[in-house]
Amino acid sequence: MKPSRLFSVGWQAVMEDAGHWTLPTWAILGPSRLTPRWLWVSSVDCAERQESPGKKLLSEKKLKRHFVDRRRLLVRGGRGGDGLSCFHSEPRKEFGGPDGGDGGSGGHVILRVDQQVKSLSSVQSQYQGFDGEDGGRKNCFGRNGAVLYIRVPVGTLVKEGNKVLADLSRPGDEYIAALGGAGGKGNRFFLANDNRAPVTCTPGQPGQERVLFLELKTMAHAGLIGLPNAGKSSLLRAISNAKPAVAAYPFTTLKPHVGIVHYEDHQQVAVADVPGLVRGAHWNRGLGHAFLRHIERCAFLLFVLDLSVPQPWTQLDDLKHELDQYEKGLSSRPHAIIANKIDLPQARANLPELQARLGTKAIALSAATGENLEELLLCLKELHDRHVAAELRRGRQPLRW
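About the cut-offs
- Every chain is numbered on its own, with residues counted from 1 as its sequence reads.
- This being a predicted model, a pLDDT of at least 70 is required before a residue's local features are given, and a value of 80 or more before pairs of side-chain atoms are given or counted; all residues contribute to the totals for chains, interfaces and linings.
- Each side-chain value is derived from all of the structure's non-hydrogen atoms; neither hydrogens nor water enter the calculation.
- Going along the chain from the N terminus, every DSSP run of H or I of four or more residues is numbered as a helix, and every run of E of two or more is numbered as a strand.
- Summary of the burial criterion: residues with accessible area below 20% of their type's maximum are buried, those above 50% are exposed, and those between are partly exposed, where the area comes from a 1.4 Å probe applied to protein chains only.
- Any two residues having at least one pair of non-hydrogen atoms within 4.5 Å are treated as being in contact.
- Residues grouped as a nonpolar core are buried Ala, Val, Leu, Ile, Met, Phe, Trp, Tyr and Cys residues, joined through side-chain atoms within 4.5 Å.
- Strand pairing is assigned whenever DSSP detects at least two bridges linking the two strands.
- Axis lines are fitted to C-alpha atoms, over the contacting stretch for helices. Their N-to-C directions set the angle, which ranges from 0 to 180 degrees.
- The labels follow the angle: roughly parallel below 35 degrees, roughly antiparallel above 145, roughly perpendicular from 65 to 115, and oblique for the rest.
- Each residue is assigned to one of three groups, with Ala, Val, Leu, Ile, Met, Phe, Trp, Tyr, Cys and Pro labelled nonpolar, Asp, Glu, Lys and Arg labelled charged, and all others, Gly among them, labelled polar.
- Polar contacts here mean pairs of N or O atoms no more than 3.5 Å apart (in protein, one a potential hydrogen donor and the other a potential acceptor; neighbouring residues in sequence count only if both atoms are side-chain atoms).
- Each pair of aromatic rings taken from Phe, Tyr and Trp, with Trp reduced to its six-membered ring, is defined by centres within 6.5 Å and is described as stacked if the planes are under 30 degrees apart, edge-to-face if over 60, and tilted in the remaining cases.
- Here, over-ring charges are defined by two tests on the NZ atom of lysine or the CZ atom of arginine: distance to the ring centre within 6 Å, and angle to the ring normal within 35 degrees.
- What makes a salt bridge here is a side-chain nitrogen of Lys or Arg within 4 Å of a carboxyl oxygen of Asp or Glu, nothing more.
- For every residue, the predictor reports its confidence as pLDDT, a number between 0 and 100.
- In this description, one arc is meant: the one made by directions from the helix axis to the C-beta atoms.

Novice: Describe the overall build of the chain, naming the residues involved and giving the relevant values.
Specialist: Across its full length, the chain carries eight helices and 16 strands. Every one of the 401 residues in the chain was classed for burial, and the buried ones make up 41%. In the chain, the share of contacts with a sequence separation of at least 24, taken over all contacts with a separation of at least 6, comes to 73%.

As structure tokens, this is what we get:
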């Protein structure tokens, strides 16, 4: 950065290393008309003045802070260009005939899945497609309007009213949200044997206008299900690089977080931390339906139980009941039971009775100290391998992150 210069405004002022300068107004009027002033000028100040004022765009990091899983969207396709009515004009050619070209079609508005987008926060409330150009002389057609793509995350549902129009659950999936209008016809189009000099032309048609509702259901292989303050966020931080908020009070997590667990054979398993469920969540109590729908996409579930509370086995019954009430058969998916907070003394005392009541083995671990996390990672890989094999048997490509 160049150092600032302190200089006196005078008729013979010379600016060093300042680039091209034009004569100011006081120089034209003469030194006797104005009194010299002391100015503090730097090259940085000049650069800041040249920048056009405007609203700064939000960075990708700030957009990710605001998780949005619902969006109302007004989309309009581009308007078609108008047709032209004109006649060919050329020397020594008196009857050139009609040569008005057709207008270009309006551009479509298309929803496209992008794996880099994790939320609907970057989706605006209104979109207008690009219009087509008007027709020209010499049978020149107008240019079609460009296609407008709206980037949406994987797992976006497109609804119109209560009707589901599309389920964008795979990378690269597209859905035409609004069609562009057709271009108008020039008078050349209406040339016929019984009408050799048509003057008729038609205007372009307006694009399709629709009101759509976008709903995001997080796409992940596994979902962490548990009551508030069961240690789900701490567990996700322990097995992945995700950094959800952790605190000693319930409902610390207010939006789903997805962490990626890496294995030596280059496999990646996506684990979603869903905010805590409470009794009556299927009646929309607590965070209710706002986050129960994110569990629908998970291929297998990880039930996280707080082993330090009295009678921890009742938590599993409550969680399965809420899932079945929201969607029948949701709790019967492949799952594993995790008994968290084994590092606490009262938790170790509850472990034998929990194992006896469940009848199945529960993975006892501590997300805070990292005790017995290897067993969880091995179980997670087994569940993922079974899911991949089942998808391939059905002829479907498994989800990849």
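Let us keep going from here.
Novice: Before we move on, could you go through the side chain of Ser233 and cite the residues and values that matter?
Specialist: Note that Ser233 resides in helix α4 (residues 232-239). On the basis of relative accessible area, Ser233 is assigned to the buried category, the value being 10%.

Novice: Break down the nonpolar core for me, citing the residues and quoting the values.
Specialist: If you look at the biggest cluster of nonpolar residues, it comprises 24 residues, and the most contacted ones within it are Ile225, Ile295, Leu301, Phe303, Leu307, Leu323 and Leu354. Of all the elements in the fold, those that place two or more residues in this core are β14 (300-306), α6 (313-326), β15 (335-340) and α7 (345-358).

Novice: Give me the lowdown on the sheet that holds strand β7 (residues 156-160), citing residues and values where you can.
Specialist: Spatial ordering of the open sheet is given by β5-β3-β10-β7-β8, a layout of five strands whose pairing is mixed. Edge positions in the sheet fall to β5 (126-128) and β8 (163-168), since each has one partner strand and no second. Strand-to-strand, the axes of this sheet are offset by a mean angle of 25 degrees, without reference to chain direction. Taken together, the three bridges between strand β3 (residues 70-76) and β5 define a ladder with parallel strand orientation. Of the residues in β5, the one forming a bridge with Arg76 is Gln128.

Novice: Requested: an account of the packing of α4 against helix α8 (residues 373-393), with residues and values cited.
Specialist: At a minimum axis separation of 11 Å, α4 and α8 run at an interaxial angle of 85 degrees. In terms of orientation, α4 and α8 fall into the roughly perpendicular class. Contacts from Leu235, Ala238 and Ile239 of α4 reach α8 at Leu373, Leu376 and Leu377. Here the contact of α4 with α8 is composed, by residue class, of six nonpolar, no polar and no charged.

Novice: Quick one: what's the story with the pairing of strand β12 (residues 257-262), residue by residue and with numbers?
Specialist: Successive residues of a regular strand alternate their side chains across the two faces of the sheet. Where β12 lies against strand β13 (residues 268-273), six bridges are found, and the strand directions are antiparallel. Bridging from a neighbouring strand, His257 pairs with Asp273 of β13. From the end of β12 to the start of β13, which pair antiparallel, there are five residues, and His266 there has a positive phi angle of about 65 degrees.

Novice: How would you explain the side chain of Glu215 if you had to name every residue and give the values?
Specialist: Mapping Glu215 onto the fold places it in strand β10 (residues 209-216). A residue is classified by how much of its surface remains accessible, and Glu215, at 8% relative accessible area, is buried. A distance of 3.5 Å separates polar atoms of two side chains, one belonging to Glu215 and the other to Arg70. Among all residues touching Glu215, those that are not within four sequence positions of it are Asp69, Arg70, Leu120, Gly155, Thr156, Leu157, Lys159 and Arg293.

Novice: How would you sum up the packing of aromatic side chains? Please name residues and give values.
Specialist: Counted under the stated rule, the structure contains one aromatic pair. Aromatic pair Phe189 and Phe190: ring centres 5.3 Å apart, planes at 90 degrees, arrangement edge-to-face. Among the residues examined, Phe189 registers a relative accessible area of 49% and is labelled partly exposed. Among the residues examined, Phe190 registers a relative accessible area of 28% and is labelled partly exposed. Arg112 extends its terminal NZ or CZ atom over the ring of Tyr149, reaching a point 3.9 Å from the ring centre. A cation over an aromatic ring shows up here: Lys185 above the ring of Phe189, its NZ or CZ 4.9 Å from the ring centre.

Novice: How would you summarise the pattern of salt bridges if you had to cite specific residues and measurements?
Specialist: A complete count under the given rule lists 14 salt bridges for this structure. Between Glu371 and Arg348 there is a salt bridge, with the nearest N and O atoms lying 3.1 Å from each other. Note that Glu371 is positioned in the loop between β16 (363-364) and α8 and Arg348 in helix α7, a separation of 23 residues in sequence. With a relative accessible area of 33%, Glu371 lands in the partly exposed category. Given the relative accessible area of 44%, Arg348 is considered partly exposed. Across the pair Lys361 and Glu375 runs a salt bridge whose closest N-O atoms are separated by 3.0 Å.

Novice: Explain the environment of Glu133 to me, using residue names and the numbers behind them.
Specialist: Relative to the helices and strands, Glu133 resides in the loop between β5 and β6 (148-152). A relative accessible area of 42% places Glu133 in the partly exposed class. Note: C-alpha distance between Glu133 and Gly81 (52 residues apart in sequence) is 4.7 Å. Not counting residues up to four positions away in its chain, the partners in contact with Glu133 are Gly81, Gly103, Gly104, Gly142 and Arg143.

Novice: How would you summarise the confidence of the model for the chain if you had to cite specific residues and measurements?
Specialist: Put simply, the chain has an average pLDDT of 79, and 77% of its residues get 70 or more. The low-confidence segment residues 1-55 (pLDDT under 50) makes 35 contacts with residues lying over four places distant or belonging to another chain.

Novice: Let's hear about the environment of Leu120: which residues, and what values?
Specialist: Residue placement: Leu120 occurs in the loop between β4 (109-113) and β5. For Leu120, a relative accessible area of 0% puts it in the buried group. With 31 residues separating them in the primary sequence, Leu120 and Arg151 have C-alpha atoms 8.8 Å apart. Setting aside anything within four residues of it in sequence, one finds Leu120 in contact with Val68, Asp69, Arg70, Arg71, Pro153, Thr156, Leu214, Glu215 and Leu216.

Novice: A description of α4 should follow, citing residues and the corresponding values.
Specialist: Along α4, the residues that are buried comprise Lys232, Ser233, Leu235, Leu236 and Ile239. Buried positions in α4, seen along its axis, are confined to an arc of 160 degrees and lie on one side of it. Looking at the buried residues of α4, the elements they touch are β11 (222-226), β12, β13, β14, β15 and α8.

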